[in-house]
Amino acid sequence: AVSSLASYTAEPKPGNDVQIQEKYINLDHGDPTMYQSYWKQMGERTTIVISGWQSVSYFSDTKNLCWFLEPGFAKAVTRLHNLVGNAETANRHIVVGTGSTQLFQAVLYALCPSDASDPMSIVSAAPFYSSYPLIAECLKSGLYKWKGYTNDFDKDEPYIELVTYPNNPDGSIRGAVFNGSGGILIHDVAYYWPQYTPISSRADHDIMLFTLSKSTGHAGTRLGWALVKDEAIAKKMVKFIEISSIGVSKDSQNRAAKTLDVISDTYEDAETSNESKRFFDFGYEEMAKRWRQLREAVNKGKRFSLPNLPVGKCNFSNRTFGTQPAFAWVKCEHASVSDCESFLKQHKILTRGGEHFGSSKKYVRISLIGYEEDYNEFIRRLSLINSEESP
Ligand code: PMP
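Definitions and cut-offs
Residues numbered from 1 in each chain as written. Predicted model: local features only at pLDDT ≥ 70, side-chain atom pairs only at ≥ 80, totals over all residues. Near = placed C-beta within 6 Å. Helix = DSSP H or I, 4+ residues; strand = E, 2+ residues; numbered from the N terminus. Nonpolar A, V, L, I, M, F, W, Y, C, P; charged D, E, K, R; others polar. Buried ≥ 20, exposed ≤ 12 C-beta atoms within 10 Å, placed from the backbone. Contact = placed C-beta atoms within 7 Å. pLDDT = per-residue confidence, 0-100. Pairing = 2+ DSSP bridges. Axes fitted to C-alpha atoms, helices over the stretch in contact; angles between N-to-C directions.

### What about the site of the ligand?
Right, on to step 1. Near the ligand there are 13 residues, and of these Gly99, Ser100, Thr101, Thr211 and Ser213 occur at the shortest range.
Right, on to step 2. The biggest single contributor to the shell around the ligand is helix α4 (residues 99–111), with three residues.
Right, on to step 3. Tallied by class, the residues present in the shell around the ligand amount to three nonpolar, nine polar and one charged.

### As for the environment of tyrosine 149
Right, on to step 1. Mapped onto the elements, tyrosine 149 comes out in the loop between β4 (144–148) and β5 (159–164).
Right, on to step 2. On the basis of neighbour count, tyrosine 149 is assigned to the partly exposed category, with 15 C-beta atoms found within 10 Å.
Right, on to step 3. Sequence separation between tyrosine 149 and valine 123 is 26 residues; the distance between their C-alpha atoms is 5.9 Å.
Right, on to step 4. Non-local contacts of tyrosine 149, meaning those with residues more than four positions away in its chain, are made with Val123, Ser124, Ala125, Ala126, Phe128 and Gly358.

### Quick notes on the confidence of the model for the protein
Right, on to step 1. Taken residue by residue, the protein gives an average pLDDT of 93. The fraction at 70 or more is 92%.
Right, on to step 2. Low confidence marks residues 1–12, where pLDDT is under 50. Its contacts with residues over four positions away, or in another chain, come to 16 contacts.
Right, on to step 3. This prediction of the complex comes with two scores: 0.94 for pTM and 0.99 for ipTM.

### Looking at the pairing of strand β7 (residues 207–211)
Right, on to step 1. The buried count for β7 comes to five of five residues, which makes it a mostly enclosed element.
Right, on to step 2. Burial of the side chains of β7 extends over both faces: Ile207, Leu209 and Thr211 are buried on one face and Met208 and Phe210 on the other.
Right, on to step 3. Relative to β7, strand β6 (residues 183–188) is paired through two bridges, and the arrangement is parallel. Paired with histidine 187 across the bridge in β7 is methionine 208.
Right, on to step 4. Across five bridges, the pairing between β7 and strand β8 (residues 223–228) is antiparallel. Looking at β8, one finds that leucine 209 is bridged to alanine 226.

### What to know about the sheet that holds strand β9 (residues 304–305)
Right, on to step 1. Overall, antiparallel pairing links the four strands, which are arranged β9-β12-β15-β14 in an open sheet. Strands with a single pairing partner mark the edges of an open sheet, and in this sheet they are β9 and β14 (352–353).

### Quick look at the sheet that holds β7
Right, on to step 1. The mixed open sheet is built from seven strands, whose spatial order is β2-β8-β7-β6-β5-β3-β4. Edge strands, defined here as strands with exactly one partner in the open sheet, are β2 (93–98) and β4. Direction aside, neighbouring strands of the sheet carry axes that sit 25 degrees apart on average.
Right, on to step 2. When strand β3 (residues 120–123) meets β5, the two strands line up parallel, connected through three bridges.

Laid out in structure tokens, this is it:
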């Protein structure tokens, strides 16, 4: 699926109504371009200037276990987690990575003993994030083996279970499902932010992966961070990043630090909080609107259905609301449609089919976090398809 990156829709130009109606709408990737309008509205507030003499050294903080972690970025991450209350940061090591994609690889490397006779099993309940099997299988590692959703492994031997919370693609809220005594859990909490899901408690797991891509929307900055309890695991993750990329861009970290601090400022700094919209309010309202539009389009007919999503109280915003995930997990209900991705493609809507997530082709995953113009056009097309008479 990543190979179709080239088919990304270009940044839409205003006033091109006819063109937009004829083009393919790409809702396959979770490209978070929805957030661009917020950051435009914030003008120069997140601008940083990097002088030519900066970021020359490989090293950021030689006293830190993660020696390529910029102190300002670490501070901004901790500050934001403490503000939102979505993750425990005390007694944890922060490991920065080139996206949480690199951290995922680093954590697999860190958890698997190099001298084991057999590769460690990696499992995850379906539907699972489609990149996990691709990453786990691409180098045919002797350290680990992708098993996906299966009981075909020894639960008393050490194994790795990936828990995506809330889940990509279907937005479900679930913990570990395999329940063997040998399970080591990796919590991918990319979407545990208050624009998507009620923050019910501070996540307090041993290994948690976060990403800038889905929190602030800066996927192109390519930054993620892991909160890791165990020092030996954190050290091995750092080793992996040292071997694979000798650290992580300082420029990206400093830019991200500024962005995260501006978000915190809009809540904590009386002056800024008065004059500008707060980031998570923007995200929450935008997601709520897009989910309303989608439900309306789906309710126009019987062709499609959406999963029931849990409702909860958000300790951060004090709102009670239903999870409004970055993706919709849509089922084609009509008996004549066995491949929902191909069906929608005929209508120039590009989505990702259920089989990529270890599930059925009756499902597709649809991104809700793209450009507004594309999303509105998608809703228009979906409503039309859904109101048509059944074949
Ligand atoms: N985990 C999950 C569950 C995701 O959905 C994504 C992005 N689609 C990632 C990790 C990867 O994030 P990054 O851009 O930081 O590599």
